[in-house]
Amino acid sequence: MSEISFDKPDPHDFLGIDSLLSDEEKLLRGTVRDFVQKEILPEVGDWWEAGELPHKDLAKTIGDIGLLGMHLEGYGCAGTSATAYGLACLELEAGDSGIRSFVSVQGSLAMFPIWKFGSEEQKNEWLPRMATGEVIGCFGLTEADSGSDPSSMRTNAKRDGSDWILNGSKMWITNGSIADIAVVWARTDEGVRGFIVPTDTPGFSAPEIKKKASLRASVTSELLFDNVRLPDEFVLPGVASMRGPLSCLNEARFGIAFGAMGAARACYEAALSYSKEREQFDKPIASFQLTQRKLVEMMVAVQRGTLIALHLGRRKDAGTLTPQQVSFGKFDNVRNALEVARTARSVLGANGITLEYAPMRHMANLETVFTYEGTNEIHTLIMGQAITGIEAFS
Ligand SMILES: Cc1cc2nc3c(=O)[nH]c(=O)nc-3n(C[C@H](O)[C@H](O)[C@H](O)COP(=O)(O)OP(=O)(O)OC[C@H]3O[C@@H](n4cnc5c(N)ncnc54)[C@H](O)[C@@H]3O)c2cc1C
């Protein structure tokens, strides 16, 4: 008969989730964790306060580690498993959601559509340089009046001889004003099509959106298209419907299910360590029952969410993951991460409101993560439809 072990659980891996990872996965995770420890954490509070991202250096370094488009095969991409990509997202977001967003947008939203729907020429032209970080991409779907319902987009492209003329605008575009190419989704007579728009094309501009109180270590921009002329070679040949952008979103949402647990883990760990050092009433605050309850709730949420993410990763690698299951992970892990960040902030008291500690920064970032890539409500409705068979979006 197998017996219960009386070994003490590790406070940082209570359920022993590490034992579910292969040596290769642990190695990759260790590499990303070291990178975040050495190159992100010492700086990110300052970047966040200044509202900037040293994107050129970061893109190059992250490209050198092999994280850009890492789950894609060929064309200079690393071709890792989906689970490995998820674990990288988790470690990057333990640094900052802005850094994970940079990598998600590049790999899942800009490289993936070229890899999936592009011609051989387009793949060879862009993917190798995007994998090294030499070329930065962005993904333009959302518009000022078209958010949760992207099919109501107004940006349009019309054929003009062998060219296309693109007009309209996109809003809230991550990496917009630092991108070398934008993958833009536009209405055409043939359905919704994806265009690769080099950002030095006449008529294209990308003013940066300022005054953000969330995801400050990330560039967010408008994209404006004023009669942007594009040769036919710049349209993605493989798709002419909303299936194009939606399949990219599924890729990115998958990474977020992991990433959110990185942010949550960082908050839990900050609260755990602070609570053992901070004394009030002549005792560490960790000795109070109310604090222990908070710590346990956070630990349980992080472990549970990490298990969910890993389960989704294994299903994706097995080819059995559905978009509705991705919604489950994005919905549940992001709302729980937000709750963990708020709780951790409270454990840190006044210190918790500063950028000297991570929880408040993560909390503010997670408000964006709660909204982008399908809001919490939209994922509720996706799952609601899956279990009732009734569509309740409109
Ligand atoms: C920092 C940041 C970066 C982003 N990066 C990108 C990017 O790179 N590319 C890109 O294309 N987009 C990007 N987005 C846009 C993001 O995907 C949208 O903000 C999101 O889809 C929600 O759209 P919206 O903001 O217009 O909100 P709305 O759609 O106007 O929603 C407002 C509220 O109404 C609710 N709601 C809407 N419809 C329903 C319904 N049927 N039933 C119930 N509730 C409903 C929503 O859940 C939400 O609570 C980014 C956003 C942010 C904040």
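Residues numbered from 1 in each chain as written. Predicted model: local features only at pLDDT ≥ 70, side-chain atom pairs only at ≥ 80, totals over all residues. Heavy atoms only, no water.

### Quick word on the site of the ligand
Consideration 1: Around the ligand, the structure places 18 residues, and the nearest of them are Thr-142, Ser-148, Trp-172, Thr-375 and Glu-377.
Consideration 2: One of the backbone nitrogen or oxygen atoms of Trp-172 is found 2.7 Å away from a nitrogen atom of the ligand.
Consideration 3: The contact in question runs from an oxygen atom of the ligand to an N or O atom on the side chain of Thr-375, over 2.6 Å.
Consideration 4: Across the complex, the protein chains shield 68% of the 980 Å² of accessible surface that the ligand would expose by itself.
Consideration 5: Mapped onto the shell around the ligand, the elements with two or more residues apiece are strand S5 (163–174), helix H9 (359–371) and helix H10 (376–388).
Consideration 6: Here the residues of the shell around the ligand are counted per class, giving eight nonpolar, eight polar and two charged. (Near = heavy atom within 4 Å. Polar contact = N/O pair within 3.5 Å; in protein donor to acceptor, adjacent residues only side chain to side chain. Areas by Shrake-Rupley, 256 points an atom, 1.4 Å probe, with all protein chains shown as cover. Helix = DSSP H or I, 4+ residues; strand = E, 2+ residues; numbered from the N terminus. Nonpolar A, V, L, I, M, F, W, Y, C, P; charged D, E, K, R; others polar.)

### So, the pairing of strand S9 (residues 220–231)
Consideration 1: Relative to S9, S5 runs antiparallel, the two being bridged by nine bridges. By the bridge assignment for S9, Thr-174 is matched with Thr-220.
Consideration 2: Where strand S8 (residues 204–205) and S9 come together, two bridges link them in antiparallel fashion. Counted as the bridge partner of Ser-205 is Leu-224 from S9. (Pairing = 2+ DSSP bridges.)

### Observations regarding the pairing of strand S7 (residues 191–198)
Side-chain positions along a regular strand alternate between the two faces of the sheet.
Consideration 1: Burial within S7 is extensive, with seven of its eight residues counted as buried.
Consideration 2: Examined bridge by bridge, strand S6 (residues 181–188) and S7 share eight bridges and lie antiparallel to one another. Looking at the pairing, Arg-187 lines up with Val-192 of S7.
Consideration 3: What sits between the antiparallel neighbours S6 and S7 is a turn of two residues. (Buried < 20%, exposed > 50% of the residue type's maximum accessible area, 1.4 Å probe, protein only.)

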